[in-house]
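So you can see what is in the structure, the chains are spelled out below.
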Amino acid sequence: MPRDYHKEYQNGNTKVLTLRLQGSKFADFRSVCSDNGITQADFLKACIDAYLDNSLTYENGKLNMK
């Protein structure tokens with residue numbers, strides 16, 4: 001599929017974040033997001049924003065809200 005440069009330009013200078021999950025964990029995450037009426041991308045963006053503004057921390061393998 002060819003790149004949509006017009007769409008990329010409209011979205012600004014964005015980057016893509018890729019991660020790998022086990023199939024069952026991915027299915028669980030997708031299901032919980034769907035149940036809560038949020039997209040997976042929106043949830044991850046909210047986590048990143050919270051981490052960047054220091055309201056979310058990652059310590060000893062766990063997320064903590066401040």
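Described below are features of the structure shown in this document. In this text, all values refer to a predicted model and were calculated from it rather than measured experimentally.

## Here we look at the overall build of the protein
Then step 1. A count of helical and extended segments in the protein gives three helices and two strands.
Then step 2. Mapped in sequence order, the helices and strands of the protein form the string α-α-α-β-β.
Then step 3. In summary, the protein has a C-alpha radius of gyration of 15 Å against a globular reference of 11 Å for 66 residues, an excess of more than 25%.
Then step 4. Relative to its full complement of 66 residues, the protein shows a buried share of 6%.

## Here's the deal with the packing of helix α2 (residues 23-35) against helix α3 (residues 40-52)
Then step 1. Two elements in contact, α2 and α3, have axes whose closest approach is 9 Å; the angle formed by their N-to-C orientations is 90 degrees. It follows from the interaxial angle that α2 and α3 lie roughly perpendicular. Touching F26, F29, R30 and C33 of α2 are Q40, F43 and L44, all from α3.
Then step 2. The residue inventory of the contact of α2 with α3, partitioned by class, reads five nonpolar, one polar and one charged.

## A word on α2
Then step 1. Along its 13 residues, α2 runs 18 Å from first to last C-alpha, staying within 8% of the 18 Å computed at 1.5 Å per residue.
Then step 2. Two residues or fewer past α2, G37 is found with a positive phi of approximately 70 degrees.

Rules used throughout
Residues numbered from 1 in each chain as written. Predicted model: local features only at pLDDT ≥ 70, side-chain atom pairs only at ≥ 80, totals over all residues. Heavy atoms only, no water. Helix = DSSP H or I, 4+ residues; strand = E, 2+ residues; numbered from the N terminus. Rg over C-alpha atoms; globule rule 2.2 N^0.38 Å. Buried < 20%, exposed > 50% of the residue type's maximum accessible area, 1.4 Å probe, protein only. Axes fitted to C-alpha atoms, helices over the stretch in contact; angles between N-to-C directions. Parallel < 35°, antiparallel > 145°, perpendicular 65-115°, else oblique. Contact = heavy atoms within 4.5 Å. Nonpolar A, V, L, I, M, F, W, Y, C, P; charged D, E, K, R; others polar. Expected span 1.5 Å × (residues − 1).

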